[in-house]
There are 2 protein chains.
Amino acid sequence: MDVATSVAAIRAVLRQRGLQATSARIAVLQILSEGHRHRSVDELRSDVLTRYPAIDPATIYRTLETLELHGLVVRMELGDKRTRWALLTHDHHHLICRNCESVVEFDDELFHRLAGELTRRYGVQVEMHHLVLRGLCATCALTDS
Amino acid sequence: MDVATSVAAIRAVLRQRGLQATSARIAVLQILSEGHRHRSVDELRSDVLTRYPAIDPATIYRTLETLELHGLVVRMELGDKRTRWALLTHDHHHLICRNCESVVEFDDELFHRLAGELTRRYGVQVEMHHLVLRGLCATCALTDS
DNA sequence: CTCCATGCAAACTATTTGCACACGT
DNA sequence: ACGTGTGCAAATAGTTTGCATGGAG
């Protein structure tokens with residue numbers, strides 16, 4: 001699914017997995033498909049409001065749980081207590097800058113290597129899809145602090 | 001601070017950082033020093049009960065926040081909503097087995113290399129102290145599932 | 001003796017659940 | 001029509017905060 005996916009495509013994806021194409025599910029997937037930012041339930045709720053009739057928070061929670069179960073979205077804990085959600089696309093990882101709060105995104109390559117090494121050494125099977133690291137982004141790292 | 005640290009040593013560490021050596025802080029550090037497991041506030045509260053007079057949850061939260069600020073303990077989010085706490089010792093990382101829920105611990109070496117590579121490639125300064133990964137532990141990886 | 005830390009109770013926030021009704025197929 | 005999804009309201013769980021009292025230095 002790509003940025004700003006059409007409703008028809010979303011319907012197809014849902015049906016494909018045996019899920020009813022309800023308005024809540026379509027709205028949530030549509031919003032999440034616009035820029036692959038990770039959003040909290042509350043952000044989702046207000047984003048939905050700009051274009052669709054309101055969805056009850058309880059429904060959003062249940063919708064996301066279902067979509068996660070069927071491998072369409074992923075959850076991520078950023079440290080505050082709200083869970084963030086995004087479309088499941090390719091594996092990628094994040095660094096949150098402790099100075100300016102910006103989020104840097106990394107592709108999976110280096111982490112993939114790490115996972116392999118961990119398997120070799122410890123026998124574990126690491127499933128890293130959306131890792132969250134903390135530290136300083138390039139800009140703030142230069143200014144030190 | 002080592003496993004089962006003496007009260008005198010704990011007092012010293014606290015004073016050293018300009019902190020009052022109160023009974024709550026001593027009790028919390030004492031409990032955390034016994035096996036470097038990561039504990040939830042509730043586990044801490046009941047562990048304290050076996051040896052000390054009860055500490056109010058609110059006090060435990062405030063105590064941990066203070067100790068964290070002074071670099072004595074670290075927090076960790078395991079995915080359920082309770083924050084876990086441990087003494088800050090050496091950097092190490094964890095894998096939680098999604099099958100048997102066990103926690104595997106890794107030393108820092110491989111991750112340290114990864115952090116270096118990220119700095120080289122992206123200019124970021126990664127601060128990874130207690131990373132939490134998910135996957136399968138060696139035992140469950142063999143049995144597949 | 002002076003503050004900082006603690007206990008208690010109430011407030012808050014994110015999330016979950018029960019139930020009757022509405023919608024998708 | 002049938003069964004699943006949704007809205008609403010109430011319940012829950014973890015955590016935070018205000019305020020008066022108690023203990024550490």
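(A) Representation of the nonpolar core. Of all hydrophobic cores here, the largest spans 30 residues; its most connected members are F111, L118 and L133 of chain A together with F111, L118 and L133 of chain B. At the level of secondary structure, the elements contributing two or more residues to this core comprise β4 (92-97), β5 (103-107), α5 (109-122), β7 (132-136) and α6 (138-142) of chain A together with α5 (109-122) of chain B. In this structure F111 of chain B touches L114 and L118 of chain A together with H93, F106, M128, L131 and L133 of chain B, once residues within four positions along its chain are discounted.

(B) How the structure looks around the protein's contact with DNA strand C. Surrounding DNA strand C, one finds 21 residues, the nearest of these being Y61 of chain A together with T22, A24, R25 and T59 of chain B. Close to the protein, within 4 Å, the atoms of DNA strand C are drawn from sugar and phosphate at a rate of 71%. In this structure, a base oxygen belonging to DNA strand C sits 3.3 Å away from a side-chain N or O atom of R62 of chain A. The side chain of T59 of chain B places a nitrogen or oxygen atom 2.7 Å from a phosphate oxygen of DNA strand C. Among the elements that line the surface near DNA strand C, the one with the most residues is helix α4 (residues 57-69) of chain B, at four residues. Considered class by class, the residues forming the surface near DNA strand C number seven nonpolar, six polar and eight charged.

(C) Molecular detail of the sheet that holds β5 of chain A. Pairing in this open sheet of four strands is mixed, and the strands run β5(A)-β4(A)-β7(A)-β6(B) from one edge to the other. The open sheet is flanked by β5 of chain A together with β6 (125-126) of chain B, the only strands paired with a single partner. Relative to β7 of chain A, β4 of chain A runs parallel, the two sharing four bridges. Each residue of the ladder has a partner; that of L95 of chain A, found in β7 of chain A, is L133 of chain A.

(D) Representation of the sheet that holds strand β1 (residues 39-40) of chain A in the model. All names here are of chain A. If you trace the three strands from one edge of the open sheet to the other, you get β1-β3-β2, paired in antiparallel fashion. The open sheet has two free edges, formed respectively by β1 and β2 (73-77), since each of these has just one partner strand. Bridge count for β1 against strand β3 (residues 83-87) is two bridges, and the pairing is antiparallel. Bridging across to β3, R39 finds its partner in W85. Across the face of the sheet, helix α4 (residues 57-69) comes into contact with β2 and β3 while running at roughly 110° to β2.

(E) Broad picture of the protein's contact with DNA strand D. Around DNA strand D there are 21 residues in total, and T22, A24, R25 and T59 of chain A together with Y61 of chain B lie nearest to it. Each atom of DNA strand D within 4 Å of the protein was classed as base or backbone; sugar and phosphate made up 70%. Within the side chain of R25 of chain A, a nitrogen or oxygen atom sits 2.7 Å from a phosphate oxygen of DNA strand D. Between a base oxygen of DNA strand D and a side-chain N or O atom of R62 of chain B, the distance comes to 3.4 Å. Contributions of two or more residues to the surface near DNA strand D are made by α2 (23-33) and α4 of chain A together with α4 of chain B. In terms of residue count, α4 of chain A provides more of the surface near DNA strand D than any other element does, four residues in total. Across the surface near DNA strand D, the residue classes break down as seven nonpolar, six polar and eight charged.

(F) The arrangement of the packing of aromatic side chains in detail. Counted by the stated rule, this structure contains four aromatic pairs over all chains. Aromatic pair F106 of chain A and F111 of chain A: ring centres 6.3 Å apart, planes at 35°, arrangement tilted. Owing to a relative accessible area of 1%, F111 of chain A belongs among the buried residues under this scheme. Pairwise contacts between aromatic rings join F106 and F111 of chain A together with Y122 of chain B into one cluster.

Basis of the calculations
- Residues numbered from 1 in each chain as written.
- Chains lettered and ligands numbered in written order.
- Predicted model: local features only at pLDDT ≥ 70, side-chain atom pairs only at ≥ 80, totals over all residues.
- Heavy atoms only, no water.
- Core = buried A, V, L, I, M, F, W, Y, C linked by side-chain atoms within 4.5 Å.
- Buried < 20%, exposed > 50% of the residue type's maximum accessible area, 1.4 Å probe, protein only.
- Helix = DSSP H or I, 4+ residues; strand = E, 2+ residues; numbered from the N terminus.
- Contact = heavy atoms within 4.5 Å.
- Near = heavy atom within 4 Å.
- Polar contact = N/O pair within 3.5 Å; in protein donor to acceptor, adjacent residues only side chain to side chain.
- Nonpolar A, V, L, I, M, F, W, Y, C, P; charged D, E, K, R; others polar.
- Pairing = 2+ DSSP bridges.
- Axes fitted to C-alpha atoms, helices over the stretch in contact; angles between N-to-C directions.
- Phe/Tyr/Trp six-rings, centres within 6.5 Å; stacked < 30°, edge-to-face > 60°.

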